[in-house]
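# Residue-level structure breakdown
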Amino acid sequence: MAFSGKYEVESEKNYEVFMKKLGIPSSTADKGRNFKITEVQQDGQTFTWSQQYSGGQSITNKFTIGQECEMETMGGKKFKVTVKMDGGKVVVDFPNYNQTSEIVGDKLVEVCTVGGVSYERVSKRVA
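Residues numbered from 1 in each chain as written. Predicted model: local features only at pLDDT ≥ 70, side-chain atom pairs only at ≥ 80, totals over all residues. Heavy atoms only, no water.

## A look at the sheet that holds strand β7 (residues 84-86)
Sheet architecture is open: nine strands sit in the order β4-β3-β2-β1-β11-β10-β9-β8-β7, paired in antiparallel fashion. Looking at the sheet topology across the chains shown, the edges are occupied by β4 (58-64) and β7. This sheet shows a mean twist of 25° between the axes of neighbouring strands, independent of strand direction. Here strand β1 (residues 5-13) pairs with strand β2 (residues 35-43) via four bridges, running antiparallel. Directly across from Lys6, in β2, lies its bridge partner Glu39. (Pairing = 2+ DSSP bridges. Helix = DSSP H or I, 4+ residues; strand = E, 2+ residues; numbered from the N terminus. Axes fitted to C-alpha atoms, helices over the stretch in contact; angles between N-to-C directions.)

Written out as structure tokens, the structure is:
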């Protein structure tokens, strides 16, 4: 499917500003900075979305578009959410911010927004 693949971070914009706006402790923000790989498996409307960090830690969230599920943030916080699809973008309303993810060419573009501050991560498809 369109999102399925393995992606490696290519660029980031506004990471530090975004983390400060969220009030994320520097130790947690540093863990996110060492983020390396996103792996997505899509089967129709069902997704398995995994993020791998240096040091071997990973987070995996499974969800089906339009159905409530439990997800986990990189800080280990669990919450319930209904993931939506809007114009080809996967949309998640995390407890403190909104995230959209879309495929543009062979890249995964993720944009997180809180209080007028946006953080963008672009990852290239490697598999």
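Resuming the write-up.
## Brief notes about the environment of Gln41
Relative to the helices and strands, Gln41 resides in strand β2. Residue Gln41 is classed as exposed on the basis of its relative accessible area, which comes to 51%. Placed 68 residues apart in sequence, Gln41 and Val109 show a C-alpha to C-alpha distance of 16 Å. Not counting residues within four places of it along the chain, the set of residues in contact with Gln41 comprises Ser4, Thr46, Phe47 and Thr48. (Buried < 20%, exposed > 50% of the residue type's maximum accessible area, 1.4 Å probe, protein only. Contact = heavy atoms within 4.5 Å.)

## Considerations on the nonpolar core
Core analysis: the largest hydrophobic core is formed by 30 residues, its most contacted members being Phe18, Phe47, Phe63, Met71 and Val83. Setting aside residues up to four positions removed in sequence, Phe63 forms contacts with Gln45, Thr46, Phe47, Trp49, Cys69, Met71, Val83 and Val90. (Core = buried A, V, L, I, M, F, W, Y, C linked by side-chain atoms within 4.5 Å.)

## Describing the environment of Ile24
Among the secondary structure elements, Ile24 is positioned in the loop between α1 (15-22) and α2 (26-33). Assessed through its relative accessible area of 29%, Ile24 is described here as partly exposed. C-alpha of Ile24 to C-alpha of Gln41: the two residues are 17 residues apart in sequence and 29 Å apart in space. Dropping the residues within four chain positions of it, Ile24 is found in contact with Met19 and Ala29.

## Re the packing of aromatic side chains
Note on aromatic pairs: each is described by the distance of the centres and the angle between the planes. Per the stated rule, a full pass over the model turns up 10 aromatic pairs. Between Phe3 and Trp49 the ring centres are 6.0 Å apart and the planes differ by 50°, which places this aromatic pair in the tilted class. Placement of the pair is Phe3 in the segment before β1 and Trp49 in strand β3 (residues 46-53), with a sequence separation of 46 residues. Between Phe79 and Phe94 the ring centres are 5.1 Å apart and the planes differ by 50°, which places this aromatic pair in the tilted class. With a gap of 15 residues between them, Phe79 in strand β6 (residues 78-82) and Phe94 in the loop between β8 (89-93) and β9 (98-104) connect regions that are remote in the sequence. Pair check on accessibility: Phe79 and Phe94 agree, each one buried. Members of the aromatic cluster, joined through ring pairs, are Tyr15, Phe18, Phe79, Phe94, Tyr97 and Tyr119. (Phe/Tyr/Trp six-rings, centres within 6.5 Å; stacked < 30°, edge-to-face > 60°.)

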